[in-house]
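Read off the chains here:
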Amino acid sequence: MVGPAGPPARSAPAGRAAGGALVAGACDAHVHVFGPQRDFPYVTDRRYTPPDATIEDYRALMAALGLSRAVLSAPSIHGLDNRALLHGLAIGGPGFRGIVMVPADVDDATLRAYHQAGVRGLRTQLKPGGGRPLEIGQLRALAARVAPLGWHAEIHADVGEITGIDRLCDGFPVPVVIEHMGHMPAGAGAGAPGFQALLRLVRDGGWVKLSGPYINSAQPPPHEDVLPFVAALLEAAPDRAVWGTNWPHPHQDPVPDDHLLAGLLARWTGDGALMRAVLADNPARLYDFGPA
């Protein structure tokens, strides 16, 4: 079933300060490209229908924010067809990496070709209605196959709806990355069992994306109710946290201001070593980037 058209994909208006100069090698670790639909059609059974949001559109935002690296995460609307993502990687060049969604029986030759193109991880969605391209057991089995390539597993999940994300991911053969701070609603409080399980996971070696604060927040920017969650995650794993815009912000109307989101990172980390870790050093290790 085709979902309704979403709000226009657009960058935030220029001229709003990012809240501090970005560091060398600054990376946006969570970006989607949509279409162009005439070349890369969307799956028929989708929850939403966004306008095109191309790699060219995103590179203009990169320049405006002072970013030099980015990670394209495969969206559900393209299903298991990664051609739009691969097209983005080809245009983006060595400053771009990709996270793909694949079938459980993907062949080794395809995985090697993806690696050569800049892919460094597998993604699945465990949220209701997210398509579940891979169940957790299938993801675990595939992770063992891509471990020699140095890939990781990225999971889109609401940790409040899962009984123990730490137990679910225990013993994974590759690093596990949880998107959007686990989608934990800020109103549940940082003491909620699901969020505490996420903290155990990241303390144990898991990674987290400090992305999409507006998804979890019940307040307008600067989303003060998200601060306790960010602080707890940074305390638990300052060397395993990365930051992302979630551009072009599917489902969001009005569209969040990307310049303001970059400013929030400075607010969360300060402008010193912790910001450099989250924005440059950590993603350089996780996504196999060279020196900045």
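Overview of the structure. Just so it is clear, the structure is predicted and the values come from calculations on it, not from any experiment.

Reading the values: the criteria
- Residues numbered from 1 in each chain as written.
- Predicted model: local features only at pLDDT ≥ 70, side-chain atom pairs only at ≥ 80, totals over all residues.
- Heavy atoms only, no water.
- Helix = DSSP H or I, 4+ residues; strand = E, 2+ residues; numbered from the N terminus.
- Rg over C-alpha atoms; globule rule 2.2 N^0.38 Å.
- Buried < 20%, exposed > 50% of the residue type's maximum accessible area, 1.4 Å probe, protein only.
- Contact = heavy atoms within 4.5 Å.
- Areas by Shrake-Rupley, 256 points an atom, 1.4 Å probe, with all protein chains shown as cover.
- Axes fitted to C-alpha atoms, helices over the stretch in contact; angles between N-to-C directions.
- Parallel < 35°, antiparallel > 145°, perpendicular 65-115°, else oblique.
- Left-handed = near helix turned anticlockwise from the far one by under 90°.
- Nonpolar A, V, L, I, M, F, W, Y, C, P; charged D, E, K, R; others polar.
- Core = buried A, V, L, I, M, F, W, Y, C linked by side-chain atoms within 4.5 Å.
- Polar contact = N/O pair within 3.5 Å; in protein donor to acceptor, adjacent residues only side chain to side chain.
- Pairing = 2+ DSSP bridges.
- Arc of directions from axis to C-beta.
- Salt bridge = Lys/Arg side-chain N within 4 Å of Asp/Glu carboxyl O.

Looking only at helices and strands, the chain features ten helices and eight strands. Whereas a compact globule of 292 residues would reach a radius of gyration of roughly 19 Å, the chain reaches 17 Å, a difference of no more than 12%. A buried classification covers 57% of the 292 residues belonging to the chain. For the chain, the proportion of contacts with a sequence separation of at least 24, taken over those separated by at least 6, is 76%. Of the roughly 11400 Å² of accessible surface on the chain, a fraction of 55% belongs to carbon and sulfur atoms.

Here the focus is the packing of helix α9 (residues 258-269) against helix α10 (residues 273-286). Close contact between α9 and α10 brings their axes to 8 Å; oriented N to C, the two are set at 135°. Viewed along their axes, α9 and α10 adopt a mutual orientation that is oblique. As for how α9 packs across α10, the hand of that crossing is right-handed. Touching L265, A266 and T269 of α9 are L274, M275, V278 and L279, all from α10. Among the residues forming the contact of α9 with α10, the class breakdown is six nonpolar, one polar and no charged.

Counting residues in each nonpolar core, the largest one holds 82 residues, and the members touching the most others are Y58, I155, I165, F172, L198, L210 and L233. In contact with I165, other than residues within four places in its own chain, are V159, I178, A197, L198 and L201. A29, V71, W207 and Y287 belong to the second-largest nonpolar core, a separate cluster that totals ten residues.

Once that is clear, we can look at the side chain of H249. With respect to the helices, strands and loops of the structure, H249 is situated in the loop between β8 (241-244) and α9. At 3.4 Å, the side chain of H249 and the backbone oxygen of T245 are in polar contact. With residues near it in sequence (within four places) discarded, H249 still touches Y214, V255, P256, D258 and L261.

Relative to the helices and strands, L199 is located in helix α6 (residues 193-203). Expressed as a C-alpha distance, the spacing of L199 and A236, which sit 37 residues apart in the sequence, is 6.6 Å. Ignoring anything within four residues of it in the chain, the contact list for L199 reads A232, L233 and A236.

Looking now at the sheet that holds strand β4 (residues 119-125). Read across the open sheet, the eight strands follow the order β1-β2-β3-β4-β5-β6-β7-β8; overall the sheet is parallel. Each of the sheet's edge strands pairs with one partner strand only, and the pair in question is β1 (27-31) and β8. Mean inter-strand twist for the sheet, computed between neighbouring axes without regard to direction, equals 25°. Sheet contacts for helix α2 (residues 83-92): β2 (69-73), β3 (96-100) and β4; angle to β3, the most-contacted strand, approximately 170°.

Every buried residue of α2 is accounted for by A84, L85, G88, L89 and G92. All buried residues of α2 lie within an arc of 140° about the axis, which places them on one face of the element. Where α2 is buried, its residues touch α1 (55-65), β2, β3, α3 (108-117) and β4. In the stretch just after α2, G93 is the one whose phi turns positive, near 80°.

The subject of this paragraph is the packing of α6 against helix α8 (residues 227-236). Packing of α6 against α8 leaves a shortest axis separation of 9 Å and a crossing angle of 25°. Between α6 and α8, the angle is such that the two are roughly parallel. In this structure, α6 crosses over α8, and the sense of that crossing is right-handed. Contacts from F195, L198, L199, V202 and R203 of α6 reach α8 at F229, A232, L233 and A236. When grouped by side-chain class, the residues that make up the contact of α6 with α8 number eight nonpolar, no polar and one charged.

On to the pattern of salt bridges, then. Opposite charge on two side chains makes pairing possible when the charged atoms of those side chains draw close. Throughout the structure, instances matching the rule amount to eleven salt bridges. Measuring nitrogen to oxygen at the nearest pair gives 3.6 Å for the salt bridge that ties R123 to E154. Here R123 is found in strand β4, whereas its partner E154 is found in strand β5 (residues 152-156), with 31 residues between them in sequence. With respect to burial, R123 and E154 carry one shared label: buried. Of the charged contacts, one joins R200 and D166 as a salt bridge, the two residues approaching to 2.8 Å between their closest N and O atoms. One end of the pair, R200, is in helix α6; the other, D166, is in helix α5 (residues 165-168), and 34 residues separate them in sequence. With a relative accessible area of 38%, R200 lands in the partly exposed category. By relative accessible area, D166 is classed as buried at 16%. Look at the salt bridges and you will find they share partners, linking R123, E154, E179 and K209 into a network.

Everything listed here is a matter of geometry and, on its own, says nothing about what the molecule does.
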